[in-house]
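As a plain string of letters, each chain reads:
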Amino acid sequence: DVLIFYLVLRALDTIEDDMTAFPDNKTKIDHLLSFHKTALMDPTWSMDGVGEGHEKLLLQQFPKCHSVYAALSQQSRRVIADISHRMATGMAEFVGKDLGQGTLDITQYNRYCHFVAGLVGEGLSRLFAVSGLESPSMAKELHLSDQMGLFLQKTNIIRDYLEDYVDGRAFWPQSIWNKYSTSGDLGYFANQSDPLAQTKSLHCLNELVTDALSLVPDCLAYLAKLRCTEVFRFCAIPQVMAIATLDKCFNNPNVFTGVVKIRKGLSCQLILHTNDAQGVHAAFRHFANSIASKINPNDPNADATLKACDAILEITAEQHSRATKQKRTGLLMGTAAAAAAVAGTSSRS
């Protein structure tokens, strides 16, 4: 179910992302708005000349995807079709907008993130529920599901500043970056050779990271409601990767000159240790502490960033205390066993 959900949304996203395949915006919008009827109701539907690589192949061979979709339960099909329709409607809303200088404000920024990622979170929660892997109540966790998606999407948007700006389709809110750009242009921050531009760019970046960090309490609340280990790891690993990426981006001028990524070794470590709430809380606590340690007191967002980090530290305190006690108990038991072994050796001699 989740695999087909992903492929359907990937096909939809490919149509939205292609800036050259359609003769005009109206044609693209028509394809987006009819997608839930054409692609999901016509077993022979396909599309050629849109997208690149694997995405292009997906659209060309979509009947194969449809054949599996058609075999899913009616409940799962209903969820996938509903989310696809609503997402396409949201995407169509933004097709005609000039995003060369980003979204207008936080409201529009959040709205875009809701359509392209928050709805994914909702769809997954509903699929987990109808599959029986999670409680039926998960289908009603619309707010928390939305926040999970927004956290991932905002992290990607923050990280992809330069790539999105160069492509002429950016999402950093003008109401935020205009406070820091002395030129009135989003590209101002890419001029890292200018000391003032570098300082202003970091202040802008850190405000956006702080905004994303405010979503963490809801993300952790969502994860706490999951009962299936596989579902938990499926949801938790991207969240842990996101907080690690925000830590890497925070106060980092490299965001404005290229793409900032976490190391593969760190990614592997996070995947291996993201097995339960204790592991997730340990990761969020570690990166919240790391971000807090890099706060510049002269940054106008310093207090807000510290407050966001403190909120994460407060939520993760209980699991941290439990882990510390377990480690201490393990050490004590190990010491006692070693002492007993030494005592036994001494008595025999």
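Details of the structure are given in the entry above.
Residues numbered from 1 in each chain as written. Predicted model: local features only at pLDDT ≥ 70, side-chain atom pairs only at ≥ 80, totals over all residues. Heavy atoms only, no water.

From N to C terminus, the protein chain includes 15 helices and 0 strands. Expressed as lengths along the three principal axes of its C-alpha atoms, the size of the protein chain is roughly 90 × 60 × 35 Å. Buried residues in the protein chain amount to 47% of all 349 residues. For the protein chain, restricting intrachain contacts to residue pairs at least 6 apart in sequence, the fraction spanning at least 24 positions comes to 74%. Only carbon and sulfur atoms are counted for the fraction: they give 56% of the accessible area of the protein chain, which is about 16900 Å². (Helix = DSSP H or I, 4+ residues; strand = E, 2+ residues; numbered from the N terminus. Buried < 20%, exposed > 50% of the residue type's maximum accessible area, 1.4 Å probe, protein only. Contact = heavy atoms within 4.5 Å. Areas by Shrake-Rupley, 256 points an atom, 1.4 Å probe, with all protein chains shown as cover.)

Under the 1.5 Å per step criterion, the end-to-end length of helix α2 (residues 25-41) is 24 Å for 17 residues, consistent within 8% with the ideal 24 Å. A bend of about 65° at Ser34 is the largest found in α2. Looking at the packing, one finds that the buried side of α2 touches α1 (2-17), α4 (62-69) and α5 (74-95). Residue Asp24 occupies the N-cap position of α2, its side-chain oxygen lying 3.3 Å from the main-chain nitrogen of Lys26. (Expected span 1.5 Å × (residues − 1). Bend = angle between axes of the 7 residues up to and from the residue. Polar contact = N/O pair within 3.5 Å; in protein donor to acceptor, adjacent residues only side chain to side chain.)

Here we take up the packing of aromatic side chains. Aromatic ring pairs are reported here in terms of the distance separating the ring centres and the angle at which the planes meet. This structure, assessed with the given rule, holds 14 aromatic pairs. Centre to centre, the rings of Phe189 and Phe256 are 6.1 Å apart; their planes meet at 50°, and the pair counts as tilted. Taken together, the residues span a long stretch of sequence, with Phe189 in the loop between α9 (174-177) and α10 (195-213) and Phe256 in the loop between α12 (229-249) and α13 (264-273) at a distance of 67 residues. Given the relative accessible area of 0%, Phe189 is considered buried. (Phe/Tyr/Trp six-rings, centres within 6.5 Å; stacked < 30°, edge-to-face > 60°.)

In this section: the nonpolar core. Membership of the largest hydrophobic core comes to 105 residues, with the highest contact counts inside it found for Phe62, Trp172, Leu213 and Leu223. Broken down by element, this core gets its largest block of residues, 12 residues, from α12. Not counting residues within four places of it along the chain, the set of residues in contact with Trp172 comprises Gln101, Gly102, Thr103, Ile157, Ile158, Tyr161, Trp177, Leu186, Cys204, Leu205, Leu208 and Phe256. (Core = buried A, V, L, I, M, F, W, Y, C linked by side-chain atoms within 4.5 Å.)

Let's shift gears to the state of the cysteines. Overall, the coordinates contain 0 disulfides when judged by the stated rule. The thiol of Cys268 is not disulfide-bonded; the next cysteine sulfur, from Cys249, is found 19 Å away. The exposure class of Cys268 is partly exposed, given its relative accessible area of 46%. (Disulfide = S-S within 2.5 Å.)

Pairing is possible between side chains of opposite charge, provided their charged atoms come close. For the structure shown, the criterion picks out 13 salt bridges. For Arg126, the salt bridge identified is with Asp82, shortest N-O distance 2.7 Å. A residue pair is termed long-range when its members are at least 10 positions apart, and Arg126 in helix α6 (residues 106-131) and Asp82 in helix α5 qualify at 44 residues. A relative accessible area of 27% means that Asp82 is categorised as partly exposed. In this structure, a network of salt bridges that share partners links the residues Asp82, Arg86, Glu122 and Arg126. (Salt bridge = Lys/Arg side-chain N within 4 Å of Asp/Glu carboxyl O.)

The backbone phi angle of Asn251 is positive, close to 55°, even though this residue is not glycine. Taking relative accessible area as the criterion, Asn251 reaches 26% and is therefore assigned partly exposed.

Looking now at the packing of α12 against α13. Following both chains from N to C, one finds α12 and α13 inclined at 145°, their axes separated by 10 Å at the closest point. Note on packing geometry: the crossing formed by α12 with α13 is right-handed. Residues Arg233, Ile237, Val240, Met241 and Ala244 of α12 form the contact with α13, whose own contacting residues are Ser267, Leu270 and Ile271. Among the residues making up the contact of α12 with α13, the classes are represented as 6 nonpolar, 1 polar and 1 charged. (Axes fitted to C-alpha atoms, helices over the stretch in contact; angles between N-to-C directions. Left-handed = near helix turned anticlockwise from the far one by under 90°. Nonpolar A, V, L, I, M, F, W, Y, C, P; charged D, E, K, R; others polar.)

In this section: the environment of Arg322. Summarising the element assignment, Arg322 is placed in helix α15 (residues 302-348). With relative accessibility at 38%, the residue Arg322 sits in the partly exposed group.

What follows is about the packing of α2 against α5. Between α2 and α5, the shortest axis-to-axis distance is 9 Å and the interhelical angle comes to 180°. Judged by the inter-axis angle, α2 sits roughly antiparallel to α5. Contacts between α2 and α5 involve Asn25, Lys28, Ile29, Leu32, Leu33, His36 and Leu40 from the first element and Ile80, Ala81, Ser84, His85, Ala88, Thr89, Met91, Ala92 and Val95 from the second. Here the residues of the contact of α2 with α5 are counted per class, giving 10 nonpolar, 5 polar and 1 charged. (Parallel < 35°, antiparallel > 145°, perpendicular 65-115°, else oblique.)

Quick look at the environment of Phe128 now. For Phe128, the location among the structural elements is in helix α6. Phe128 sits in the buried class, given a relative accessible area of 3%. Residues Phe128 and Leu152 lie 24 residues apart in sequence; the distance between their C-alpha atoms is 19 Å. Once residues lying within four places of it in the same chain are set aside, the contact partners of Phe128 are Val2, Leu133, Glu134, Tyr222, Val231, Phe234 and Cys235.

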